[in-house]
Amino acid sequence: MSREERDIQNFIKRIQPSIRYFYRAAYAVTADRQMAEYVLGSALVDSYLRGTAPAGNLGFRDSILAVIREKALAQLKTEPGENEWDGLLTQPQSGDRLAELVLREPLETQRMIVLRYGCALTIREIGTLMGLDPGQVQDTLSRSRLHMERILNNEKLPSHPFDKLAMRAVRRLMNHEAADQIDVSYLLHNFETELSGRHRRRRVVLKTVRWLLITLFALICAAILWLIAVLMEM
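A. Representation of the layout of surface pockets in the model. Reported here for the largest pocket is a volume of approximately 290 Å³. Every residue lining the largest pocket is counted, 13 residues in all, and those nearest its centre are Val29, Leu76, Thr128, Leu129 and Met130. Where the lining of the largest pocket is concerned, the elements lending two or more residues are helix H2 (19–30), helix H4 (57–78) and helix H7 (123–130). Ranked by residue count, the leading element in the lining of the largest pocket is H7, at four residues. For the lining of the largest pocket, a count of residues per class yields seven nonpolar, four polar and two charged. Counted as a void, the second largest pocket has a volume near 210 Å³. The wall of the second largest pocket is formed by 13 residues, among which Glu37, Tyr38, Gly41, Ser42 and Asn190 lie closest to the centre. Every element with two or more residues in the lining of the second largest pocket is listed here: helix H3 (33–50) and helix H10 (184–233).

This is how it looks when you write it as structure tokens:
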């Protein structure tokens, strides 16, 4: 196995535990399953090629999430999604009360929560994506937060710091196996195929450039030898 192949396999090992989370982040932003697959594949390839991801698992995941956001928002500017987001079709871990409350929220509110706490979008970005005024988004999220905090407090469960608790709960939900049946093997295979294809194309280009340089060098040498021969005969 070449060094290049080892690097790809090591990258795949790092992204595999979070691949469902990455896909659902792309899907929550685009609201289009086909576009989400394209965005995710493009973001993973770019993240690998940039080679700038931090060493820590949390920093690594967040750096890839940033590229997914960037790619998804750019793609939506050129091509609108199908607006088919149907929620987090999953079940929370036993005892994860906040996750249960998130799943009980109306679909539109649930998407706002996922975009805010799962994808780290701003209020303005969420409003733009969903065709809503930012003030409306802020009001909806605030009401939802107060409602969930009230329930947690009544049940004597932790509710502060809410943003941190909500982020953890939502991201756990986004990374669970669920009824949407995300094909992890398919997503990883597509990534590896695309990356391998890029490397093959790059090798072909490098070989072509190398051959042209060698040919040019040979022609220059031949010209120099010819010039020397001409000068010696004079």
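B. Representation of the side chain of Asp96. Structurally, Asp96 can be placed in the loop between H4 and helix H5 (97–104). Those residues in contact with Asp96 that sit more than four places away from it in its chain are Ala169 and Arg172.

C. Local environment of unusual backbone geometry. Here the residue pair His160 and Pro161 is connected by a cis peptide bond, since its omega of -5° sits within 30 degrees of zero. Position of Pro161 among the secondary structure elements: in the loop between helix H8 (134–154) and helix H9 (162–174). Residue Ala31 is not a glycine yet carries a positive backbone phi of 55°. Owing to a relative accessible area of 2%, Ala31 belongs among the buried residues under this scheme.

D. Representation of the packing of helix H1 (residues 3–15) against H3 in the model. Two numbers describe how H1 lies on H3: the axes approach to 11 Å, and their chain directions differ by 125°. The orientation of H1 relative to H3 falls into the category oblique. H3 is crossed by H1, and the crossing has right-handed handedness. Touching Glu4, Asp7, Ile8, Phe11 and Ile15 of H1 are Leu44, Ser47 and Tyr48, all from H3. For the contact of H1 with H3, the class distribution of residues is five nonpolar, one polar and two charged.

E. Spotlight on the nonpolar core. Ranked by size, the top nonpolar core spans 62 residues in total, and within it Ile15, Cys119 and Phe191 carry the most contacts. Among the elements that make up this core, the one with the highest residue count is H2 (nine residues). Those residues in contact with Phe191 that sit more than four places away from it in its chain are Phe11, Ile12, Ile15, Leu44, Val45 and Tyr48.

F. Here's a closer look at the packing of aromatic side chains. As enumerated under the stated definition, the model contains six aromatic pairs in all. Taken together through their ring pairs, the aromatic side chains of Phe11, Tyr48, Phe60 and Phe191 make up a single cluster. Note that Arg14 overlies the ring of Phe60, its terminal NZ or CZ placed 3.9 Å from the centroid. Across the ring face of Tyr21, the terminal group of Arg61 is positioned such that the distance to the ring centre comes to 5.1 Å.

G. Main features of H8. Compared with an ideal rise of 1.5 Å per residue, which puts 21 residues at 30 Å, H8 spans 30 Å between its outermost C-alpha atoms and is within 8% of the ideal. On its buried side, H8 packs onto H5, helix H6 (107–118), H7 and H9.

H. Examining the side chain of Arg24 more closely. Within the fold, Arg24 resides in helix H2. Exposure remark for Arg24: the relative accessible area of 4% places this residue in the buried category. Discounting residues that sit within four places of it in the chain, Arg24 has contacts with Leu88, Leu173, Met174, Asn175, His176, Glu177, Ala178, Asp180 and Ile182.

I. Expanded view of the packing of H6 against H9. Closest axis-to-axis distance for the H6/H9 pair is 9 Å, and the angle between their directions is 105°. In terms of orientation, H6 and H9 fall into the roughly perpendicular class. Side by side, H6 and H9 meet where Ile113, Val114, Tyr117 and Gly118 of the first sit next to Phe162, Asp163, Ala166, Met167, Val170, Arg171 and Met174 of the second. Class assignment for the residues of the contact of H6 with H9 results in eight nonpolar, one polar and two charged.

Criteria and thresholds
- Residues numbered from 1 in each chain as written.
- Predicted model: local features only at pLDDT ≥ 70, side-chain atom pairs only at ≥ 80, totals over all residues.
- Heavy atoms only, no water.
- 1 Å grid on protein atoms, 1.4 Å probe; cavity = no way out; pocket = protein on both sides within 12 Å on 5 of 7 lines; lining within 4 Å.
- Points joined across faces, edges and corners; volume = space filled by probe spheres on them.
- Helix = DSSP H or I, 4+ residues; strand = E, 2+ residues; numbered from the N terminus.
- Nonpolar A, V, L, I, M, F, W, Y, C, P; charged D, E, K, R; others polar.
- Contact = heavy atoms within 4.5 Å.
- Buried < 20%, exposed > 50% of the residue type's maximum accessible area, 1.4 Å probe, protein only.
- Axes fitted to C-alpha atoms, helices over the stretch in contact; angles between N-to-C directions.
- Parallel < 35°, antiparallel > 145°, perpendicular 65-115°, else oblique.
- Left-handed = near helix turned anticlockwise from the far one by under 90°.
- Core = buried A, V, L, I, M, F, W, Y, C linked by side-chain atoms within 4.5 Å.
- Phe/Tyr/Trp six-rings, centres within 6.5 Å; stacked < 30°, edge-to-face > 60°.
- Lys NZ or Arg CZ within 6 Å of the ring centre and 35° of its normal.
- Expected span 1.5 Å × (residues − 1).

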